[in-house]
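Below, each chain spelled out in residue letters.
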Amino acid sequence: MLDLRLLYHHDLDQSGINLLIHQDKQMLLNKYYLPLGFCVDSSVEYWDDELSNPFDVQEDFFARATGIDGELFRKIPIMFINYSNTDPFTESLDENIFYFNKTDKSATDASATFTVSVQKTGNVYIYFIVDGSNGKDVNISTDLGTITHSSSQECILDLGRYEEGQTIHVTVPFEKDNGYVTFYAYTMNDKVFEKGYNKLNSNVLKLTGFEETSLEGSFTAPEDCLLYMSVPYDKGWLISVDGERVSEENVVAIGDALIGIRVAKGEHTLSMRYSVPGLLGGVIITVFTLAVIMILLLIRLLRKRLKKKKLLPSFAKIRNEYSEEIFIRVRKTALKNDTVETVNLPIILLFICATSSTSAFTSFVSSKTGDSSFPATIAPVGQCPEHCP
């Protein structure tokens, strides 16, 4: 399902306990490898991936994808259970969920050992969940050796190939005083599996180009079906079949996780390119915002230049008629405020006159305001005459 051809095996002493072929003492080669994409029956769109039994989940996908009738997994019955500091389970051995209760709660260790006997020759798989586990190892004792696996890691374990009549002992530790343990054991029906594999492998996607964010290829659909892609579903994928864009309605999320593309019978080419959703809109907004900021800065700069040009004649007159010190103060005060115009200069001069007690400004103010009655002298601060504005 997931385009896995090679796997790294971290413990070579257990290489015989694996469906995959050991190669070069470092890697395991999956001889039942399926490529990145392959055609499946359209009913896969309705695959139920939320069943409580993980083997039922696998069986449902296999049956829908291949359309093949037949039991893919055979349940291995539990022969008996041995208890260590645990009260015997009240559930029957046909059940898969068992509730435990420590006999001596002051003791640390407690466990139950499930013993199963292989009914049909084939690969054996087990699955378990331990309530409240903190990661203690589950010990799996077989004719091929002993395996340990963390009780906190939920997954289907492939124990390798076993002959009919061989036994497997699985010891599950309990860390809580009470809780539950879920346990499943199955063998695979080789004939049904190989028949389904051969059907899926006969209509696969042949890649002609592959990069991190794009791929191209060709395939032949034997009928109207789904092209299953072991690529995470995301609306950022732009998918084209035979050069035409595939609508969102024809792209489905298989198991709410992987891409499925509805295609018609016949030969096709495929193109997929990924673009981050909203990237184009974000770029447009960013560019527009920067443009507005640049325009506002330009307007501000132009306004300052125009203001300086308007003030130059008045500045020149002040410089000619008054001292350099007064000129600098007037110019500095005027340029502090972007809204100051030439007509405001008399008011600025009046303020500076009042604070500096300099009488020489009065003639300039009078000429600007047209008020000939303006006093010829400026009284010191705090001593302004009654007719002073």
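Before any of the text, the structure's been laid out above.
The following refers to the structure shown. (Residues numbered from 1 in each chain as written. Predicted model: local features only at pLDDT ≥ 70, side-chain atom pairs only at ≥ 80, totals over all residues. Heavy atoms only, no water.)

**Describing the pattern of salt bridges**
In step 1: A complete count under the given rule lists six salt bridges for this structure.
In step 2: Between R262 and E45 there is a salt bridge, with the nearest N and O atoms lying 2.7 Å from each other. Note that R262 is positioned in strand β21 (residues 258-263) and E45 in the loop between β4 (37-40) and α1 (54-66), a separation of 217 residues in sequence.
In step 3: Judged by relative accessible area, which is 32%, R262 ranks as partly exposed.
In step 4: For E45, a relative accessible area of 24% gives the class partly exposed.
In step 5: Between R273 and E216 there is a salt bridge, and its shortest N-O distance comes to 2.9 Å. Here the residue R273 occupies a position in strand β22 (residues 266-274), and E216 occupies one in strand β16 (residues 214-221), the gap between them amounting to 57 residues.
In step 6: For E216, a relative accessible area of 32% corresponds to the partly exposed category. (Salt bridge = Lys/Arg side-chain N within 4 Å of Asp/Glu carboxyl O. Helix = DSSP H or I, 4+ residues; strand = E, 2+ residues; numbered from the N terminus. Buried < 20%, exposed > 50% of the residue type's maximum accessible area, 1.4 Å probe, protein only.)

**Side note on unusual backbone geometry**
Glycine aside, the phi torsion of most residues is negative, and most peptide linkages are trans.
In step 1: Phi is positive for D242, which is not a glycine, with a value near 55°.
In step 2: Residue placement: D242 occurs in the loop between β18 (237-241) and β19 (244-245).
In step 3: Residue D256 is not a glycine yet carries a positive backbone phi of 55°.
In step 4: Counting through the fold element by element, D256 comes out in the loop between β20 (251-254) and β21.

**Focus: the packing of aromatic side chains**
In step 1: The tally for this structure, following the rule as stated, stands at 19 aromatic pairs.
In step 2: Ring centres of Y32 and F193 lie 4.9 Å apart, and the angle between their planes is 85°; this geometry places the pair in the edge-to-face category. Note that Y32 is positioned in the loop between β3 (27-29) and β4 and F193 in helix α2 (residues 190-201), a separation of 161 residues in sequence.
In step 3: On the basis of relative accessibility, which here comes to 18%, the residue Y32 falls in the buried class.
In step 4: Residue classification places F193 among the buried positions, given a relative accessible area of 16%.
In step 5: Taken together, the ring pairs connect Y83, F89, F98, F114 and F183 into an aromatic cluster. (Phe/Tyr/Trp six-rings, centres within 6.5 Å; stacked < 30°, edge-to-face > 60°.)

**Brief notes about the nonpolar core**
Soluble globular proteins tend to bury their nonpolar side chains together.
In step 1: Counting 29 residues, the largest nonpolar core has V40 and I254 as the members making the most contacts within it.
In step 2: The set of elements that each furnish at least two residues to this core consists of β4, α1, β9 (122-130), β14 (178-188), α2, β17 (225-232) and β20.
In step 3: Considering each element in turn, this core owes the most residues, five residues, to α1.
In step 4: Residues in contact with V40, not counting those within four places in the same chain, are A65, L200, C225, L226 and Y228.
In step 5: With 28 residues, the next largest nonpolar core counts I81, A112, F114 and V118 among its residues. (Core = buried A, V, L, I, M, F, W, Y, C linked by side-chain atoms within 4.5 Å. Contact = heavy atoms within 4.5 Å.)

**Some remarks on the side chain of D131**
In step 1: Tracing the chain through its elements places D131 in the loop between β9 and β10 (137-142).
In step 2: Looking at D131, its side chain comes within polar contact range of the side chain of K176, at 3.1 Å.
In step 3: Once residues within four sequence positions are removed from consideration, D131 is found in contact with F100, K176, N178, G179 and Y180. (Polar contact = N/O pair within 3.5 Å; in protein donor to acceptor, adjacent residues only side chain to side chain.)

**A short note on the sheet that holds β19**
In step 1: Spatially, β15-β16-β22-β18-β19 is the arrangement adopted by the five strands of the open sheet, whose pairing is antiparallel. With one partner strand each, in any of the chains shown, β15 (206-211) and β19 form the two edges of the open sheet.
In step 2: Bridge count for β18 against β19 is two bridges, and the pairing is antiparallel. Residue pairing for β19: S240 is matched across the bridge by R245. (Pairing = 2+ DSSP bridges.)

**So, the side chain of H268**
In step 1: When you line up the elements, H268 lands in strand β22.
In step 2: You can call H268 buried: its relative accessible area is 10%.
In step 3: Engagement of the side chain of H268 in a polar contact is seen with the backbone oxygen of G266, the distance being 3.4 Å.
In step 4: In this view, H268 contacts G217, S218, F219, A221, V241 and D242; residues no more than four positions away in its chain are not counted.

**Description of the sheet that holds strand β8 (residues 111-117)**
In step 1: Strand order in the open sheet made by the five strands is β6-β8-β13-β10-β11, with antiparallel pairing throughout. The outermost strands of the open sheet, each flanked by one partner alone, are β6 (78-84) and β11 (145-150). With strand direction ignored, the average angle separating the axes of adjacent strands in the sheet is 20°.
In step 2: Where β10 meets strand β13 (residues 167-173), three bridges bridge the pair, whose relative direction is antiparallel. Bridge assignment links S141 to a residue of β13, and that residue is H169. (Axes fitted to C-alpha atoms, helices over the stretch in contact; angles between N-to-C directions.)

**Remarks on α2**
In step 1: Taking 1.5 Å per residue, 12 residues should reach 16 Å; α2 reaches 16 Å between its end C-alpha atoms and fits that length.
In step 2: Every buried residue belonging to α2 is among V192, F193, G196, Y197 and L200, and all of these are buried. Relative to the axis of α2, the buried residues are bounded by an arc of 130° and lie together on one face. Along α2, the residues that are exposed and aim more than 90 degrees away from the buried face are K191 and K195.
In step 3: Buried residues in α2 make contact with β4, α1 and β14. (Expected span 1.5 Å × (residues − 1). Arc of directions from axis to C-beta.)

Note that all results are geometric; they support no functional claim without further evidence.
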